[in-house]
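Remarks on the overall topology
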Amino acid sequence: MPTPTTGETTGRFTFADWQEQPVGSPASTPSLAHATVTNAFSGGIEAAATSCSYTIAYTGENVGTYSGMELLSGGVEGRKGTFVLEERGGFDATGTTCRFEVVPGSGTGELAGLTGSGGFTYRHGDTSVAYTFTYAIV
């Protein structure tokens, strides 16, 4: 049985692809959109190409909130496997904030039993985004 591990780690991620489609009429506010995104994580979380799906609520021009799920395949602090993050955040003309949490039971391989949460703040113009992640693997 693997030794339980806890810790806090950091790193960066980049947006590799962003495809957004309106849901319903985008001509009025509020409006909805659906986005599929691919990210690449490095640092404490290693995942070369994630699969992410967001639902976005625009409440003004360049202002709104979003929620989504992101599937990461790679590792955490050298332990290999996959897991899903549930994400929720907001954005405005300056950037985006996000809090995320591991979906219970989603860890596989050496990440079975993974729990944790973290977040990031993105400022428009940044080429990569710093994240923090506090986790436990039991």
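Refer to the structure above for everything that follows.
Residues numbered from 1 in each chain as written. Predicted model: local features only at pLDDT ≥ 70, side-chain atom pairs only at ≥ 80, totals over all residues. Heavy atoms only, no water.

**Structural notes on the layout of surface pockets**
- Put simply, the largest pocket is a space of about 390 Å³.
- Along the walls of the largest pocket sit 19 residues, with Trp18, Tyr66, Phe91, Thr96 and His124 positioned nearest its centre.
- Those elements that place two or more of their residues in the lining of the largest pocket are β1 (5-23), β4 (51-60), β5 (63-76), β6 (79-92), β7 (95-102) and β8 (114-123).
- For the lining of the largest pocket, the element with the most residues is β1, which contributes four residues.
- Classifying every residue of the lining of the largest pocket by side-chain character gives 10 nonpolar, five polar and four charged. (1 Å grid on protein atoms, 1.4 Å probe; cavity = no way out; pocket = protein on both sides within 12 Å on 5 of 7 lines; lining within 4 Å. Points joined across faces, edges and corners; volume = space filled by probe spheres on them. Helix = DSSP H or I, 4+ residues; strand = E, 2+ residues; numbered from the N terminus. Nonpolar A, V, L, I, M, F, W, Y, C, P; charged D, E, K, R; others polar.)

**Quick look at the environment of alanine 130**
- Tracing the backbone through its elements, the reader meets alanine 130 in strand β9 (residues 129-137).
- Relative accessible area serves as the criterion here: at 39%, alanine 130 is assigned to the partly exposed category.
- What alanine 130 contacts, discounting residues up to four positions off in sequence, is Gly11, Arg12, Gly119, Phe120 and Thr121. (Buried < 20%, exposed > 50% of the residue type's maximum accessible area, 1.4 Å probe, protein only. Contact = heavy atoms within 4.5 Å.)

**Re the pairing of β1**
- When β1 meets β9, the two strands line up antiparallel, connected through nine bridges. Across the sheet, residue phenylalanine 13 finds its bridge partner in β9, namely valine 129.
- Alignment of β1 against strand β2 (residues 31-43), held across 12 bridges, turns out to be antiparallel. The residue bridging arginine 12 from the neighbouring strand is serine 42, located in β2. (Pairing = 2+ DSSP bridges.)

**Quick look at the nonpolar core**
- Ranked by size, the top nonpolar core spans 28 residues in total, and within it Ile45, Phe83, Leu114, Phe120 and Phe133 carry the most contacts.
- For this core, the secondary-structure elements that each account for two or more residues are β2, β4, β5, β6, β7, β8 and β9.
- Residues within four places of isoleucine 45 in sequence aside, it is in contact with Leu72, Gly75, Val76, Phe83, Tyr131 and Phe133. (Core = buried A, V, L, I, M, F, W, Y, C linked by side-chain atoms within 4.5 Å.)

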